[in-house]
Amino acid sequence: MPGVDPWVLREALRRSAPTLVFYLVLLALYLAMPQYSQFIAMILFYAILGQAFNIFMGMTGYVDFGYVAFLASGAYAFSLAAIALSEAGVTGWIFIPVGLAFAAIVAATLASIVGAIALRLRGAYFAIATIGVNEGLRYFVEGANLLGGSIGLYIVKNLKALVGKEGYQLAATLLADLLMFLLAAVTVLVTGIILSSRLGYALQAIREDEDAARALGINVTKYKVTAFIISGMLGGMLGALNWALKGGVVEPAHVFMIHYTVEAIVIVMLGGAGTLLGPVFGAMTYIGLNYVSNVYIAPILESMGIKATGLHLIILAPILLAIIIAAPNGIVGLLKERIKNPRIRSFIT
Amino acid sequence: MAELLRVEGVVKRFGGITALDGVSLSIEQGELMAIIGPNGSGKTTLFNVINGVLKPDAGKIVFEGRDITGLPPYKRVALGIARTFQIPKPWPNLTVRENVAIGALFGSMQGRIGAREALEIADEILEIVGLSGKAEVEAGKLTVPEKKVLELARAIAMRPKLLMLDEVVAGMSPKDADRIVDVVKKIRDEYNISVVSLVEHVMRVVTKFAERVVVMHQGRVIREGPPEEVLRDPLVQRVYLGGAL
């Protein structure tokens, strides 16, 4: 979005502010309660996942089942950058911006290739084509024994070579999480700018009625591909931070797991597609319910003699279903319907 | 008057059915024209060919002297061709104001105005068509006549040179229909745009609105001329009432 109009920026800030406040509260909790920091970091990961996924799925209505491939490509790209820099004898923190930029570029390239082909398909056909992308990439990496094959890339020693042992400890803990907060803020602002500008209007028109959008002068392929690339780039950076920097390991069996895409869909639907607050509410609800069903409800059932792996998911699923039936437009949609006061309503974005 | 649009020998087939069988017509700048014809005569297909949603099998479309037959719809819209749909297609979860603003953003001013100007244009046009009171309502919640007015507002916001209206008054009360006709005439006078309106049944509106009428039947233009004359034509009456041609 070159040459952003100041009005669009103000409007974007107004829309983003409530969500940014939520992230600030999460950040404060993260810093104040170290014992819960990893729980909060998990909410943060899922909130960003939802937020980045929402830019495409929430605004266009297209479901990309292969979304996790962007996270994976970003994680691989970051790792390759870290490996290349450490082997070239470079030291220092420069690997983080370089790695993130490379992750964004690789994810954007993947998104432009996939988008240019798959976005000519509509509805379910698009969804099916994108599952193929994710699975295809994974089996390609494993089968052709590329990028560490099915074992993946372990970059801990490279990270230690780059910034030393203490540096690595810091990078993999506090620094990775703080960068995730920064990425969350960037993702929210990008969403706000999109929603306030022609791109957002075009995407929403496409979601609401693509034929009308086409007939009324919107170059639908161009806008869909643009949103797809932006969404993919942010996903790529998320994968890079969460798996490569924080985890130090990129395993194909993990980073290509379709599970993450499904969770992203659940979070966006739960919170409210196309909204800013939606993914945050969605992530908090999803992770919160997951925790409660795992830690509190499942043990009760187990004490009654019902034992099974993944028992908590059997509890979680009907709760999620009930919420989606009660609030088909997500939590944010429900709030918008219930809250009539225009001043409060203007904060529900 | 200068010619704005020329349709030359356009043929469109769907499988074995020939929907348009060599249609030729032209529209002058600032003209109010009605295309009439019974159901299935090819009116809507002609619209879709003019705005680029359908590609003709033969013939060409010339707009302001330029052959636009190969252009995609969004480029034709940028040149100044706007349309409404017979069955209104508003974007239901966006507000009335946003619907009209999107029209302005992607119409002939495409790329030259931003979201803020588009919203301001939307407010002006909603005022003109009398829909200001519903600006913040989601478009899906409007009544059918209101949705038709919204369609019109959205098309006007595109600042077209050629406005194509598909059955814009069908199913409306005479009072609402008259109001729409007045709005369209007012817009024409203000911006000197050409208006082509497709009408199946509401002949009262044709006489009130059109300066020239083109009659289509089975994919061909069978008559054209001033409304009173054309509507009295025995051939036209037979087309509508049945019987041998």
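Within each chain, residue numbers correspond to sequence positions counted from 1 in written order. Lettering of chains starts at A and numbering of ligands starts at 1, both following the order in which they are written. Per-residue local features are limited, in this predicted model, to residues with pLDDT of at least 70; the limit for side-chain atom pairs, both in listing and counting, is 80 or more; totals at the level of whole chains, interfaces and linings are taken over all residues.

Visitor: For this particular structure, what's the right way to read the packing of helix H1 (residues 6-32) of chain A against helix H2 (residues 37-60) of chain A?
Guide: How two helices pack is summed up by the angle between their axes together with the distance between the axes. Residue and element names in this part refer to chain A. Packing of H1 against H2 brings their axes to within 8 Å, and their N-to-C directions diverge by 155°. Classified by the angle between their axes, H1 and H2 sit roughly antiparallel to one another. Crossing hand, H1 versus H2: left-handed. Across the interface between the two elements, Leu26, Leu29 and Tyr30 from H1 touch Ser37, Ile40, Ile43 and Leu44 from H2. Split into classes, the residues belonging to the contact of H1 with H2 amount to six nonpolar, one polar and no charged. Axis lines are fitted to C-alpha atoms, over the contacting stretch for helices. Their N-to-C directions set the angle, which ranges from 0 to 180 degrees. By definition, any uninterrupted DSSP run of H or I lasting at least four residues is a helix, any uninterrupted run of E lasting at least two residues is a strand, and each is numbered from the N terminus. An angle below 35 degrees is read as roughly parallel, one above 145 as roughly antiparallel, one from 65 to 115 as roughly perpendicular, and any other as oblique. Note on convention: the crossing is left-handed when the near helix lies turned anticlockwise from the far helix by less than a right angle, right-handed when the turn is clockwise. It is the C-beta atoms, placed from the backbone, that decide contacts: two residues are in contact if theirs lie within 7 Å. In this classification, the charged set is Asp, Glu, Lys and Arg, the nonpolar set is Ala, Val, Leu, Ile, Met, Phe, Trp, Tyr, Cys and Pro, and all remaining amino acids, among them Gly, are polar.

Visitor: It is not clear to me how the packing of helix H11 (residues 258-271) of chain A against helix H12 (residues 278-303) of chain A should be interpreted in this structure. Could you clarify?
Guide: Residue and element names in this part refer to chain A. Close contact between H11 and H12 brings their axes to 7 Å; oriented N to C, the two are set at 115°. Considering their axes alone, H11 and H12 lie roughly perpendicular with respect to each other. Between H11 and H12 lies a crossing of right-handed hand. Within the contact between the two elements, H11 uses Val266, Ile267, Val268, Leu270 and Gly271 and H12 uses Gly278, Pro279, Val280, Phe281, Gly282, Ala283, Thr285 and Tyr286. Of the residues in the contact of H11 with H12, the class split is nine nonpolar, four polar and no charged.

Visitor: Explain the interface of chain B and chain A here, please?
Guide: The parts lose accessible area when they come together, and the size of an interface is often stated as this lost area. Each partner contributes residues to the interface: chain B has 26 residues there, and chain A has 20 residues. Mapped by element, the contributors of at least two residues to the side of chain B that touches chain A are helix H2 (73-79), helix H3 (96-106) and helix H4 (115-129) of chain B. The biggest single contributor to the side of chain B that touches chain A is H3 of chain B, with six residues. Within the side of chain B that touches chain A, the residues separate by chemical class into 15 nonpolar, six polar and five charged.

Visitor: Can you help me understand H12 of chain A in this one?
Guide: Residues and elements named next belong to chain A. Expected span of a helix, by definition, is 1.5 Å for each gap between consecutive residues, and there is one gap fewer than residues. A rise of 1.5 Å per residue sets the reference length of H12, with its 26 residues, at 38 Å; its end C-alpha atoms lie 36 Å apart and thus fit the reference within 8%. The seven residues ending at a residue and the seven starting there each receive a fitted axis; the angle between those axes is the bend at that residue. Taking the largest bend as the criterion, H12 deviates by roughly 35°, centred on isoleucine 297, and proline proline 299 comes between one and four positions later. The exposure label follows from counting other C-beta atoms within 10 Å of a residue's C-beta, where the C-beta atoms are placed from the backbone and the thresholds are 20 or more for buried and 12 or fewer for exposed, leaving partly exposed in between. When we look at burial in H12, the residues that qualify are Gly278, Pro279, Val280, Phe281, Gly282, Ala283, Thr285, Tyr286, Ile287 and Ala298. Residues of H12 that are buried make contact with H1, H2, H11, helix H13 (311-326) and helix H14 (330-338). Positive phi appears at glycine 305, one or two residues downstream of H12, with a value of about 95°.

Visitor: Quick question: what am I supposed to make of the sheet that holds strand S7 (residues 162-166) of chain B here?
Guide: Residues and elements named next belong to chain B. Whether two strands pair depends on DSSP finding at least two bridges between them. Within the open sheet, the six strands sit side by side as S6-S7-S8-S3-S9-S10. Their pairing is mixed. Unpaired on one side and paired on the other, strand S6 (81-83) and strand S10 (220-225) mark the two borders of the sheet. Each strand axis lies, on average, 20° off the axis of its neighbour in the sheet, ignoring direction. In terms of strand pairing, S7 meets strand S8 (residues 194-199) through five bridges, oriented parallel. Residue methionine 164 lies in a different strand from S8, and its bridge partner there is valine 196. Across the face of the sheet, helix H1 (residues 43-51) comes into contact with strand S3 (32-36), S6, S7, S8 and strand S9 (212-217) while running at roughly 150° to S7.

Visitor: What is the right way to read the sheet that holds strand S1 (residues 3-14) of chain B from this model?
Guide: Within a sheet, adjacent strands bond to each other through the backbone by hydrogen bonds, running parallel or antiparallel. Residues and elements named next belong to chain B. Reading across the sheet, the four strands line up as S2-S1-S4-S5 and stay open at both edges, with antiparallel pairing between neighbours. Each edge of the open sheet is held by one strand with a lone partner, namely strand S2 (17-28) and strand S5 (66-67). As paired elements, S1 and strand S4 (residues 58-63) share five bridges and run antiparallel to each other. By the bridge assignment, valine 7 is partnered in S4 with isoleucine 61.

Visitor: Even after reading the chapter, I still don't get the pairing of S9 of chain B, so can you show me in this structure?
Guide: The two faces of the sheet receive side chains in turn, since in a regular strand these alternate between them. Residues and elements named next belong to chain B. Where burial is concerned, most of S9 is hidden: five out of the six residues are buried. Direction of pairing for S3 relative to S9: parallel, over a ladder of four bridges. Paired with isoleucine 36 across the two strands is valine 215, which belongs to S9. By the bridge criterion, five bridges tie S9 to S10 in an arrangement that is antiparallel. Its bridge partner lying in S10, valine 214 is registered against glutamate 224. Between the antiparallel neighbours S9 and S10 lie two residues, among them glutamine 218 with a positive phi of about 50°.

That is the geometry; function is a separate question.
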